Every structure is written in C-alpha cells, then in structure tokens.
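Examining the three-dimensional arrangement
Listed below are the residues making up each chain.
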Amino acid sequence: MSRIEQLIGEIEEYIDGCKYQALSNNTKIIVNKEELEELLVELRLRVPDEIKQYQKIISNQDAILSEARYQADNMIQEATAQTNELVNEHEIMQRAYSTANQIVEDAQVQAQSIIDAAVNDANNIRQGAIQYTDDILRNLQNIISNTMQDAQTKMDGFLSAMQANYEIVTGNRNELTMDPGAGDQEGAYPAEM
C-alpha cells in the first residue's frame, strides 16, 4: 500500500472519528481544521513522488525493448556465424542456407514475440499507473469538495446567527429611541449621540 493510499485512509478515519455537530441530524461534523490541513498538505506532497515512480516504471519499457532487440541481434549474429561456418562445400552450403534461413526466421519470430510482450507489458503498466493516479486524484477531489461544503454550511450558519443578533440589536435600539409617552416628542430619546 502506498503512502498516498495510507493518507487517504487516515483522512477517512479522521472524518469517521469526528463528532457530529449538535442538531445536525448526524449529517454535519466538527472538524479540526489544522489536523485535516496537515493530512491534505502531506497528501499533496506525496502525489508528485508517486507519479515520478510510475513514470520510471513506464520509462523502463525502453530498456525492455532494447534488451529484446539486443537478444534478437545476438540470435541473428549467431545464425549468420553458423551460416558462414557451413559454407565450405556446395552440398553443405545448400543445407547451411536452409538451416540459416530457418534459424533467422525462428530468431525473428522469437524477437518479435519478445518485443510484442515487452510493449504489451509496458502499456499495461502505463494504463495501471494512469488509472491509479486518477483514482487518487478523484479521492482527493471528493475530500476537498466535502470539506468545502462543510465549511460553506458552517459559514452559512454563522452568518444566519450574526444576522439574527444584528436584528435583535437593531430592534433594541429602535425600542430605546421610541417615545415612551405615545407620540410626545419632548420625551423622546435622540436616535444617536
């Protein structure tokens, strides 16, 4: 398991371990912002390292292909050397050509098979690395989206509470400035000093 997968697991465990917000019907939780930000920062730092590791794996396909070509060239050279040794007499020469051609064909078939397998393996590794990176980024995107939604919900609640307090203070000030003598202007208090 990679460190990124561990971090995502830790974030999920942390969210599961958070307390529910009072009167939230178990849909809102209270999150320690510093702890969650520390986990997200570490996750951000780890993603490029793991992507580099997968790029190294993908770049190894060139080494695999080079090795396959090297083996194919060696087989062809061996076949050519055997052909040259068999070219002493006419009858031997005929057999040598036949054998050499068969060896070259076999070597080419085997070399192509090695190259095809190496290309297939490299493509599978590349696809796996891309899928793995996409999965990690999708999980990170979900975590960030949920965190933003929770923050927005908390901010909306805070603003609603502030608006209610503001209206109470405004009502209280209006009551203070009203005429206690039912319209008697001389007994009214000034609105502002």
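Residues numbered from 1 in each chain as written. Predicted model: local features only at pLDDT ≥ 70, side-chain atom pairs only at ≥ 80, totals over all residues. Heavy atoms only, no water.

Take the overall build of the protein chain next. Helices and strands together make up the secondary structure of the protein chain, namely three helices and zero strands. With 193 residues in all, the protein chain has 18% of them scored as buried. Sequence-distant contacts in the protein chain: of pairs separated by 6 or more residues, those separated by 24 or more amount to 60%. Surface accessibility of the protein chain: about 14,400 Å² in total, with carbon and sulfur atoms responsible for 52%. (Helix = DSSP H or I, 4+ residues; strand = E, 2+ residues; numbered from the N terminus. Buried < 20%, exposed > 50% of the residue type's maximum accessible area, 1.4 Å probe, protein only. Contact = heavy atoms within 4.5 Å. Areas by Shrake-Rupley, 256 points an atom, 1.4 Å probe, with all protein chains shown as cover.)

Under the 1.5 Å per step criterion, the end-to-end length of helix α1 (residues 3–17) is 20 Å for 15 residues, consistent within 8% with the ideal 21 Å. All of the buried residues in α1 are Ile 4, Leu 7, Ile 8, Ile 11 and Tyr 14. On an axial view of α1, the arc spanned by its buried residues comes to 120°, and they lie on one face. Exposed residues lying more than 90 degrees from the buried face of α1 are Glu 13, Asp 16 and Gly 17. (Expected span 1.5 Å × (residues − 1). Arc of directions from axis to C-beta.)

As a packed pair, α1 and helix α3 (residues 90–177) sit with axes 11 Å apart at the nearest point and diverge in direction by 25°. Between α1 and α3, the angle falls in the class roughly parallel. Where α1 crosses over α3, the two elements pack in a sense that is left-handed. Two secondary-structure elements touch here, α1 through Ile 4, Glu 5, Ile 8 and Ile 11 and α3 through Tyr 132, Ile 136, Asn 139 and Ile 143. (Axes fitted to C-alpha atoms, helices over the stretch in contact; angles between N-to-C directions. Parallel < 35°, antiparallel > 145°, perpendicular 65-115°, else oblique. Left-handed = near helix turned anticlockwise from the far one by under 90°.)

Right, let's get into the confidence of the model for the protein chain. Looking at the protein chain as a whole, the pLDDT averages 81, with 89% of positions reaching at least 70. For the protein chain, helix α2 (residues 33–86) is the element with the lowest average pLDDT, namely 79, and α3 is the one with the highest, namely 89. When the criterion is pLDDT under 50, residues 182–189 qualifies, and its contacts beyond four places in sequence or with other chains add up to eight contacts. (pLDDT = per-residue confidence, 0-100.)

The next thing to look at is the pattern of salt bridges. Under the criterion given, the structure shown has three salt bridges. Residues Asp 134 and Arg 138 are paired through a salt bridge, measuring 3.2 Å at the closest nitrogen-oxygen approach. Of this pair, Asp 134 and Arg 138 both sit in helix α3, separated by four residues, roughly a single helical turn. Taking the relative accessible area as the measure of exposure, Asp 134 reaches 37% and is therefore partly exposed. The partner of Asp 135 in a salt bridge is Arg 138, and the shortest N-O contact between them spans 3.1 Å. Highlighted residues: Asp 135 and Arg 138, both in helix α3, separated by three residues, approximately one helical turn. When its relative accessible area of 27% is taken as the criterion, Asp 135 is described as partly exposed. Taken together, the salt bridges that share partners define one network made up of Asp 134, Asp 135 and Arg 138. (Salt bridge = Lys/Arg side-chain N within 4 Å of Asp/Glu carboxyl O.)

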